[in-house]
Structures are given as structure tokens and as C-alpha cells.
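Letter by letter, the chains look like this.
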Amino acid sequence: MGKGDHTLIGIVGNMELEKTDFYLFKGLRNVRKKLECVFLDKGIAMVLVGFLLGRALIFSQLSPFALPFFACAYMLRRRKSPLVLLGLMAGALTISISNVIFIFTASILFLMSFRIMEKIHEVPIKVIPYYVFFISFLVKCSFTYVQNGKIVENYDLMMACVEAGLAFVLVFIFMQGLPFLTTLKKTKALKTEEVISLIIMLASVMTGTIGWTIYDLSIEHIMSRYLVVVFAFTAGAAVGSTVGVVTGLIFSLADMSSFYQMSLLAFAGLLGGLLKEGKRAGTAIGLLIATLLMGMYGNQGGSLSTAMYESCIAVLLLFLTPLTLTERLARHIPGTTEHAHDQQQYARKVRDITVRRVEQFSSVFKALSTSFSQPEKWMDPEKEQQEYDLFLSKVTEKTCQTCHKKSLCWGAQFDKTYELMKQVMHEMDEKSGFIPAKVYLPLEKHCSKAGKVRDVIHQELVFYQANKRLKKQVQESRKLVAEQLLGVSEVMVDFAKEMKREQNNHHQQEELLLESLQDFGIDIEQVEIYSLEPGGIDIDLMIPGWYGNGEAEKIIAPLLSDIFNETIIVKHGEPAEIPQGFHYITLRSAKAYAVETGVAHAAKGGGFLSGDSYSTIELGAGKFALAISDGMGNGERAHQESNETLKLLQKILQSGIEEKVAIKSINSVLSLRTDDEMFSTLDLAMIDLQTIEAKFIKVGSAPSFIKRGNKIKKIEAGNLPIGILDDFDVDIVSEQLKPGDLLVMMSDGVFEGPRHIENYELWMKRKLREMETDDPQAIADLIMEEVIRTRSGAIPDDMTIITAKIKHNTPKWAAIPIRKTTRKVSGAG
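Note that the structure is predicted; figures quoted are calculated from it, not measured.

Cut-offs and rules
- Residues numbered from 1 in each chain as written.
- Predicted model: local features only at pLDDT ≥ 70, side-chain atom pairs only at ≥ 80, totals over all residues.
- Heavy atoms only, no water.
- Helix = DSSP H or I, 4+ residues; strand = E, 2+ residues; numbered from the N terminus.
- Contact = heavy atoms within 4.5 Å.
- Areas by Shrake-Rupley, 256 points an atom, 1.4 Å probe, with all protein chains shown as cover.
- Phe/Tyr/Trp six-rings, centres within 6.5 Å; stacked < 30°, edge-to-face > 60°.
- Buried < 20%, exposed > 50% of the residue type's maximum accessible area, 1.4 Å probe, protein only.
- Lys NZ or Arg CZ within 6 Å of the ring centre and 35° of its normal.
- Pairing = 2+ DSSP bridges.
- Axes fitted to C-alpha atoms, helices over the stretch in contact; angles between N-to-C directions.
- Expected span 1.5 Å × (residues − 1).
- Polar contact = N/O pair within 3.5 Å; in protein donor to acceptor, adjacent residues only side chain to side chain.
- Salt bridge = Lys/Arg side-chain N within 4 Å of Asp/Glu carboxyl O.
- Core = buried A, V, L, I, M, F, W, Y, C linked by side-chain atoms within 4.5 Å.
- Arc of directions from axis to C-beta.
- Parallel < 35°, antiparallel > 145°, perpendicular 65-115°, else oblique.
- Left-handed = near helix turned anticlockwise from the far one by under 90°.
- Patch = residues over 30% accessible without salt bridge, like charges linked within 9 Å, V, L, I, M, F, W, Y side chains within 5 Å.

Chemist: I would appreciate a short explanation of the overall build of the protein chain in the present structure.
Modeler: From N to C terminus, the protein chain includes 27 helices and 16 strands. Pairs at least 24 apart in sequence give 70% of the contacts found in the protein chain among residues at least 6 apart. Split by element, the accessible area of the protein chain, about 44,700 Å² in all, is 58% carbon and sulfur.

Chemist: Any chance you could explain the packing of aromatic side chains here in plain terms?
Modeler: Between two aromatic rings, the relevant description is the distance of the centres plus the angle of the planes. Taken as a whole and assessed by the stated rule, the structure comprises 13 aromatic pairs. Ring geometry for Tyr-74 and Phe-110: centres 6.2 Å apart, planes at 90°, overall edge-to-face. Residue Tyr-74 is located in helix H3 (residues 66-76), and its partner Phe-110 is located in helix H5 (residues 97-120); the two are separated by 36 residues in the primary sequence. Looking at Phe-110, the relative accessible area reads 0%, which means it is buried. Cluster of aromatic residues (ring-pair linked, three or more members): Tyr-130, Phe-133, Phe-134, Phe-168 and Phe-172. Taking NZ or CZ as reference, Lys-140 lies 5.8 Å from the ring centre of Phe-102, over its face.

Chemist: I tried to follow the sheet that holds strand S12 (residues 704-708) on my own but got confused; where do I start?
Modeler: Within a sheet, neighbouring strands are paired by backbone hydrogen bonds and run either parallel or antiparallel to one another. Taking strand neighbours across the sheet as the criterion, the 5 strands line up as S7-S16-S15-S12-S13 in an open arrangement whose pairing is antiparallel. Strand pairing shows two members of the sheet lacking a second neighbour, strand S7 (593-602) and strand S13 (711-715), which therefore form its edges. Neighbour-to-neighbour, the strand axes of this sheet turn through a mean angle of 20°, independent of strand direction. Sheet analysis places S7 next to strand S16 (residues 799-808), joined by 10 bridges and oriented antiparallel. Residue Ala-602 lies in a different strand from S16, and its bridge partner there is Met-799. Packing of helix H27 (residues 776-790) onto the sheet brings it into contact with S7, strand S15 (742-746) and S16, and relative to S7 it is tilted by some 25°.

Chemist: Looking at this model, I keep getting lost on helix H9 (residues 219-235). Mind explaining?
Modeler: The α-helix advances 3.6 residues per turn, and as a result positions three or four apart in sequence lie on the same side. In a regular helix each residue adds 1.5 Å, so 17 residues correspond to 24 Å; H9 covers 24 Å between its end C-alpha atoms and thus fits that length. Most of H9 sits out of view: 16 of its 17 residues are buried. Two or three places before Glu-220, at the start of H9, stands the capping residue Ser-218, its side-chain oxygen 3.4 Å from that residue's backbone nitrogen. Immediately beyond the C-terminal end of H9, within one or two residues, lies Gly-236, with a positive phi of roughly 100°.

Chemist: Would you mind going over the sheet that holds strand S9 (residues 623-631) with me for this structure?
Modeler: Here we have 5 strands laid out as an open sheet, ordered S8-S9-S10-S11-S14, and antiparallel in their pairing. Edge positions in the sheet fall to strand S8 (612-619) and strand S14 (732-736), since each has one partner strand and no second. Going from strand to strand, the sheet's axes swing by 15° on average, the running direction of each strand aside. Direction of pairing for strand S11 (residues 693-699) relative to S14: antiparallel, over a ladder of 5 bridges. The residue bridging Phe-696 from the neighbouring strand is Val-733, located in S14. The sheet contacts of helix H23 (residues 635-654) involve S8, S9 and strand S10 (680-688), and relative to S8 the element is tilted by about 10°.

Chemist: I would appreciate a short explanation of the pattern of salt bridges in the present structure.
Modeler: Under the definition given, this model contains 14 salt bridges. Put simply, Lys-805 and Asp-774 hold a salt bridge, and the shortest N to O gap is 2.8 Å. Highlighted residues: Lys-805 in strand S16 and Asp-774 in the loop between helix H26 (760-770) and H27, separated in sequence by 31 residues. Since its relative accessible area comes to 18%, Lys-805 is described here as buried. With a relative accessible area of 48%, Asp-774 lands in the partly exposed category. For the salt bridge of Glu-785 with Arg-789, the shortest nitrogen-to-oxygen distance reads 2.9 Å. In this pair, Glu-785 and Arg-789 both sit in helix H27, 4 residues apart, roughly one turn of the helix. Classification of Glu-785 by relative accessible area gives partly exposed; the value is 37%. Three or more residues are tied together by salt bridges with common partners; here these are Lys-714, Glu-716, Glu-761 and Lys-765.

Chemist: Whenever I open this one, the nonpolar core confuses me. Can you help?
Modeler: Soluble globular proteins: nonpolar side chains tend toward being buried together. Membership of the largest hydrophobic core comes to 77 residues, with the highest contact counts inside it found for Phe-110, Ile-128 and Phe-231. Per-element accounting of this core gives the leading share, 9 residues, to H3. Discounting chain neighbours no more than four positions away, the residues touching Phe-110 are Leu-67, Phe-70, Ala-71, Tyr-74, Ile-128, Val-132 and Ile-135.

Chemist: Just to check I follow, could you spell out the environment of Thr-207 for this structure?
Modeler: If you trace the backbone, Thr-207 turns up in the loop between helix H8 (192-206) and strand S1 (213-214). For Thr-207, a relative accessible area of 2% gives the class buried. C-alpha separation for the pair Thr-207 and Asp-255, spaced 48 residues apart in sequence, amounts to 8.8 Å. Look past the residues within four positions of Thr-207 in its chain and what remains in contact with it is Ala-56, Phe-65, Ile-250, Phe-251 and Ala-254.

Chemist: Can you walk me through helix H18 (residues 414-427) in this structure?
Modeler: For H18, built from 14 residues, the straight-helix expectation of 20 Å at 1.5 Å per residue is met to within 8% by its first-to-last C-alpha distance of 20 Å. All of the buried residues in H18 are Thr-417, Tyr-418, Leu-420, Met-421, Val-424 and Met-425. All buried residues of H18 fall inside an arc of 165° around its axis, so they share one side. Among the exposed residues of H18, those oriented more than 90 degrees off its buried face are Asp-415 and His-426.

Chemist: Would you mind showing me how to read the packing of H3 against helix H4 (residues 81-93) here?
Modeler: Two packed helices can be described by the angle between their axes and the distance between those axes. Two numbers describe how H3 lies on H4: the axes approach to 9 Å, and their chain directions differ by 165°. As far as their axial angle goes, H4 and H3 are roughly antiparallel. Judged by the sense of rotation from one axis to the other, the crossing of H3 with H4 is right-handed. Judged by residue contacts, Ala-66, Phe-69, Phe-70, Ala-73 and Tyr-74 of H3 engage Ser-81, Val-84, Leu-85 and Leu-88 from H4.

Chemist: Would you explain the environment of Ser-263 in this entry?
Modeler: Assignment of secondary structure puts Ser-263 in helix H11 (residues 261-274). For the pair Ser-263 and Val-245, spaced 18 residues apart in sequence, the C-alpha separation works out to 7.4 Å.

Chemist: Explain a nonpolar patch on the surface here, please?
Modeler: Together, Leu-270, Leu-274, Leu-275, Ile-285, Ile-289, Leu-292, Leu-293, Met-296 and Leu-304 give the surface a local cluster of nonpolar side chains, amounting to about 760 Å² of exposed area. At the level of elements, H11 and helix H12 (279-298) are the ones that each hand at least two residues to the nonpolar patch. The element contributing the most residues to the nonpolar patch is H12, with 5 residues. Take Ile-289: it is sitting in helix H12. When its relative accessible area of 37% is taken as the criterion, Ile-289 is described as partly exposed.

Below you can see the structure in the form of C-alpha cells.
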């Protein structure tokens, strides 16, 4: 047999093994479902619990569990309540006949009162605890009177009140815990009150096992210890010790000889929870150690060997408990790893659903944009020919229809008549109706009603052109809507990509950072890291309130800059809620570069209102924008046009839409909303503060200049002003800037302002080269002054100049060098 045969046999064997495991897992799952169906759907679990609660006693004479459990079962699972009542009576029968009669009488009285309750109260479940209290008190007093044959004494009244009070409280507990015995919908995460209610209910059920023994081993001790170690293994020391205390307290109330068990169970829950990292073996060791120590201290309930045997059986039951059961229980208890994992999965699922919705909306907007950007059918030549024929039919209907030469003109001389009409239509002035003589004379010779034809054509031509302009505006509106929808679609796609990013947990990095800061001698209470991405670090610190002299800016931020090897600054801080308390500070990555600007501005003739508008916009995406808009002409109208242009630009850019789409959208808006010829220029520079790459978009504006040492570079583009053309391609010029570069942007009033200058470009380059200062504001003022001087102090046009200097973003407090090696806190951990 060859090697290939052995390989084939191995593959087939693995496939058969996997198939066997699959069928085994499927069979176990089917068995589990059948057991759940039998115990939960059929109500067997409720009957068993009712049996144990029916024989559970407090102080060996009080039975407060039966009536509250039956009342809750009747409210939540009314169809199963007869079986629950039978289980309660069967359990009571193991104690005495009087207990059976007591439970049956109390249940019947509750059913009768509930019928009255439904008619009186809109929400009867709210008053059930009070009815249970009065019914329990009344029945207890009545039975005491019947049994003793005399008036109820004060002690009996007090015990009746105690039993009724316990029943009152147990109604709330069973309401919280009963859903675990049914197939009712359960919440994914339990509240602390619900966990405690579940523990009390389980402990109350186990009191029904008091007195049961196997080979002198107490069933109640075994089950109580098993309950404690299960919760300790599932949820840790806090929940385990709580279960031990609650279970021990309830058992001690049921049997005073079990009082010492409270200490044992609480200690076992604490040790088992602390050793849960050692899996089930660690929790088992915790129980055995607790049993041994408490037994050596003094075991009042029996010999040490008996207690150890009982604990060993509880450990055996723990090892027989399927891990799937403990994992399902842990998912319901807050604070466990399984619960946190479920919460993360739920949050991730919600996030994925939201991302899919956003992507769907994005695709809808993109489809709408494609639909709106479809070319208009009326632009087709055939469509235009049909509209022209319709135009001629209206003219002939009003002129040639009653003419005696109709058959001659539109029969034998059809082509000549058609061409004459076409020439008249194209050559006629729309406003005055004037026709050149070279066109009107042939028409007058050919047509006997030339004057009427001319007037009708002029009348129809006015409607024809108006209709054509209307269709053109509709087309432009469609283009504007298409561009805006496409821009919104792109923004939503980017937003969906941002949402897809996982929120990383940085526990290890937080501990390292906290240790590094404390080693340096800084008192830090808490560190929360939200992001460690280069250029996007986001950290929150909680520092003492007595750090009020700028320690965060002077010490903590420079130290973090040294640790992360990039500039960290204090973004903002929250004051302490109480004097000398702790307060939060937020530290984030500073931008690699900063832009220092200077502006010089002057209106025509020294007026107050200029047709130029300018803006410096710091966008949230780490970009800095400089813009100048020059409205056509001067005065208030030009100022409004340029100001509106910049407002639209700022809103669109801040929404995240691309610069090119923003410019085209503004052009469409301005071309649609104005009927007269009012245009605006736009000079836009977008600078990335991380890479200092600049994009220049110049729409009908004057050139810009970049000064790098003694070198001057001109930036220009050939786009017409906004609003002239309905559709145009925006030219974008990209330049890689360097630290120390000076960017100079200006309106045409400054660039073309110098008088008696033939070459404006050379004059501007020379002036910039001669500047001895590198202060942006000083340069803007000096250039403005030089231009006005050439005009002998006159300002013939609106003038605006913006200067921007690129420099490294260095915080006020630099990083402090540390002699000893500081462990770097990286995103990888």
C-alpha cells in the first residue's frame, strides 16, 4: 500500500470522526432540548419546586413560601397553576395534614380575592403582595384559633405577622426568579436585584430538603455547597460569598442547628471565587479548604469527616455540571467575562446593523444621483426637431390656416416655405421682433401675410425661448441635486468606514502608562486610553485637584510626548466637582504643523463695505482652509455675493464633502438663484496639517505665490468665475509645502492694483523677494501699503490679501528628557 493510500485513509478517517462528532453534538443538543421541553414547557420544574417549597419551614412552624409561589405562578403561568398547587400540597403532606389544609385554604382565598381584584384594579399585579399579606395573616390566625381552641395570643399574632411579612417579600422575589423555571422571555443581563432574588429562591427551594440524608450525609449541606461553588466558579468571589451568606441565612432560619453553615458557605464562596482562575479544580480546592478550616475551628453540626464527605460530593456535582450550563448562567450575571463578551457582541451587532443601514442609504443616494444626472431627452436632436415642428404648427395654425395660398405654400413650395419660416425664427430678435431686410424681403415676396406671420412668430418665439430657459434651469437643478446626492453618498460611505473600526481595549497599555507616570513621581488616579493611533492619540487622565499650576501642560503632556514619540497637548480639562477633589484632563495628539495667518483688507475708495470676502477655516479633519471671494463690482450687492459664496463653501466643506464637488455645487446654486449677471471669483487653498500638502482651487481668481527662501513660485489655474458657465471642470493644483514656506493669496484689486506697472507678476515677485521679515501680518500690511502708494493713496478697487506661514507645531512646553529608560507604550501592547 502506497503513501498516497495511507493519506487517503487518514483523510477518510478524519471525515468519519468529524461526522461522528457532529452527530454526537447534534444528539446531545436534541436531548437537552427534550429535557428543557419536559421540565420547562410541561411545568415539571415548577411542580418539583412547588413540592420542595410546600415542605419548607421557617422556625420549624412557619410556611411562608407556598402562597407567594402559587400567586406568582398563577399570574405568570396560569395554565400550570393547578399543577403547582398539587406540588405544594404534596410537599406539605410530607409534614402534616394541617399544612395541606393551610396551603389549600390560602390558595382558594387568593383565587376568590383575585376575581374581585381584577374588577377593582386596572393592574392587579401591583396589589398582589398586599392581598397575599392579608390572606396569609388571616388564614394563619384562623388556623391558630382552630388548633388551640382559644383566643389568639400576642405571640401567635406576632408569628402570623412575621409569616405574612415574609410572604409579602417573597412575592417580589418569586416574580423575579420564576421566569427561570419557565420558557418565558428572559432578559440577556440580570440586574443585581434579580441575581439576589434568584439566589434567595434557590436557597428557599433547598430548605425543602432539610432532614433528607443518604448514609448520614445531609442533602441540604451537599446542595447548598454545590450552589455556592457553582456561583463562585461562574461569577467570582463577590457573587460566591453573597450566595454563601444568603443561603446560610435562609438555612439557619429554617433550622437553627445550621447556623454555623453560614460561615462555612460564605468562606467557601469567597475562596472558591478567588481560586476560579484555576478552573473547576481551583474552586473545588477553595471549598475543601474552607470546610477543613471551619471544621478544625469547631464543627457544631457533626464530625469533620462527614463535612469533608459532603463537600467532596458537592465538588463531584460541580465537575459533573456541563460547562455550557455555567457559561449560560455567566452570560446573565454582570461583571463576568462571558457577560462582557455578550455585551461586546451585541454592541458589535448593533454597529454592523447601523453600518449596513448607512451603506444602504449611501447606495440609495448614489442611485438617486445617477438618476438625476441622466442627460435630458430634450437635448437630443430629434427632440429639438420635434419642438421646432410644433412651433411651426402653432404659427401656421394662426396664419396659414385661413389663407387662400395655403395649398400652394405648403404643397408645391413646401421646402421653400419651411426654410423661410426657419430663417425668420433664427434671425428674429426676441425682444423687439426685428427681422433683417435680407430675410424679411424674401418672406414678403413669398407670403401675402408676411406682417402677420412675423408678429405671430415673434409672439410664439417669446414663449418658446421662455420654455427653453425653464427646461435649462430644471436641468441645472437636476445636476445640482445629483452632485449634492453624490457628495452625501461619499460622506456616508466614509462615516460607515469610521464606524467599522473596532474600539480596542488598552488595559495593558493603561497599566504601563500609569506605572510610568507614577514612577516619575506624578500622582495619577486613573488612566483611560481611547486611541493609540499615530497622529490620533486620545487619553483621559484623572489627576488631583491640587495640580492647579499647569502641571498637566508643563509636565504630564511633555512626558507623554516623550513616551509616545509625538507631540501630545492638553486639549481640555474638567474642574473637580468638590474642592481638592480629582478632575479629568483630555490629552490628544497635536497637529504636526501649524498655520500662522495675516490679513490685510481695504474697500474701494476707503469705504466700509467691500465686495471682497475672506475666511480662514480650520476643519475637523486636520485641514486648514484659506479662501478669498471677489463679488462682481463693488458695494453691498458684491459683498453679499462674495459673502454668500464663502458661507456656502464653509458649510459644505465642514460636512466632509470633497472640495471639487463643493465648488461645483456652489457654482450651480449661484447660477440658478440669480437672473442678472452677478458672478463671484473664488480662491481656495486646502492645507493638510499632518503632511502640509496643499490643494489650490482657483475659480476666476488672481494667482497666488509661494515664497521659499529667495524663490517665488506662482500658482494659477484657468477656471472662469462662478456662475458664468453652467457646467465646468474644476482644475486642482497640488503643491507639497515645506516648513517655513510663506503662502500669499490676493484678490485682483491687489494683483492688478499697482499703477504704471506692465508686468504685475514680476513686480509682485520682486516685492516678496525684497521682504526682510517673515511675519505674515507684516508682509500683508507691507504689500497692501506698496500697492496703495503706487496709486498715490487712492484705492480704486476692493483689495484683500491673505498670507500664511507654515511652521512646525511645537508646544509651549517641550518634552522632558528622562535619564532612565522609559518603557514605550505602543498600540500593539
